[in-house]
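One-letter residues, chain by chain:
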Amino acid sequence: MEAIREINGKITCITILIKSKYPSLLNYLNEMQITIPEEDPEKSIENLQAYYDSLSTILRDYTDRKG
């Protein structure tokens, strides 16, 4: 469960960063869907990590283009 808390914390931090510094990316956040099956913690971790990786990629691509 610690891994889930850690990833959730990272997701929270990057989401706050996007909302405060890059509000034009909010449309992408609203379009992203995440499904976390509650019955399988390993799948939950994988899905959360994939979601975080997606957020990171969107932010990195956006900031690279703004350059």
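Just so you know, these numbers come straight off a predicted model, no measurement behind them.

Novice: Mind showing me how you'd approach the pattern of salt bridges here?
Specialist: Side chains that differ in sign of charge can pair as their charged atoms come close. Counted according to the given criterion, the structure contains two salt bridges. Where Glu2 meets Arg5, a salt bridge forms, and the shortest distance between an N and an O atom there is 3.5 Å. One end of the pair is Glu2 and the other is Arg5, both in helix H1 (residues 2-21) and three residues apart, which spans about a single turn. With respect to burial, Glu2 and Arg5 carry one shared label: exposed. Taking the shortest distance from any N to any O, the salt bridge between Asp61 and Arg60 comes out at 3.9 Å. The exposure class assigned to Asp61 is partly exposed, which follows from its relative accessible area of 36%.

Novice: What exactly am I supposed to notice about helix H3 (residues 41-66) here?
Specialist: Along an α-helix, residues three or four apart share an orientation, since each turn contains 3.6 residues. Its 26 residues give H3 an end-to-end C-alpha distance of 37 Å, which sits within 8% of 38 Å, the value for a rise of 1.5 Å per residue. Within H3, burial applies to Ser44, Leu48, Tyr51, Tyr52, Leu55, Ser56, Leu59 and Tyr62. Packing partners of the buried residues in H3 comprise H1 and helix H2 (26-31).

Novice: So what exactly am I meant to see when it comes to the packing of aromatic side chains here?
Specialist: Within a pair of aromatic rings, the relevant descriptors are the distance that separates the centres and the angle that separates the planes. Here the structure, examined in full by the defined rule, presents one aromatic pair. With 5.7 Å between their ring centres and 75° between their planes, Tyr22 and Tyr62 make a pair best called edge-to-face. With Tyr22 in the loop between H1 and H2 and Tyr62 in helix H3, the pair connects residues that are 40 residues apart, well separated along the chain. Relative accessible area serves as the criterion here: at 16%, Tyr62 is assigned to the buried category.

Reading guide: rules and limits
- Residues numbered from 1 in each chain as written.
- Predicted model: local features only at pLDDT ≥ 70, side-chain atom pairs only at ≥ 80, totals over all residues.
- Heavy atoms only, no water.
- Salt bridge = Lys/Arg side-chain N within 4 Å of Asp/Glu carboxyl O.
- Helix = DSSP H or I, 4+ residues; strand = E, 2+ residues; numbered from the N terminus.
- Buried < 20%, exposed > 50% of the residue type's maximum accessible area, 1.4 Å probe, protein only.
- Expected span 1.5 Å × (residues − 1).
- Contact = heavy atoms within 4.5 Å.
- Phe/Tyr/Trp six-rings, centres within 6.5 Å; stacked < 30°, edge-to-face > 60°.

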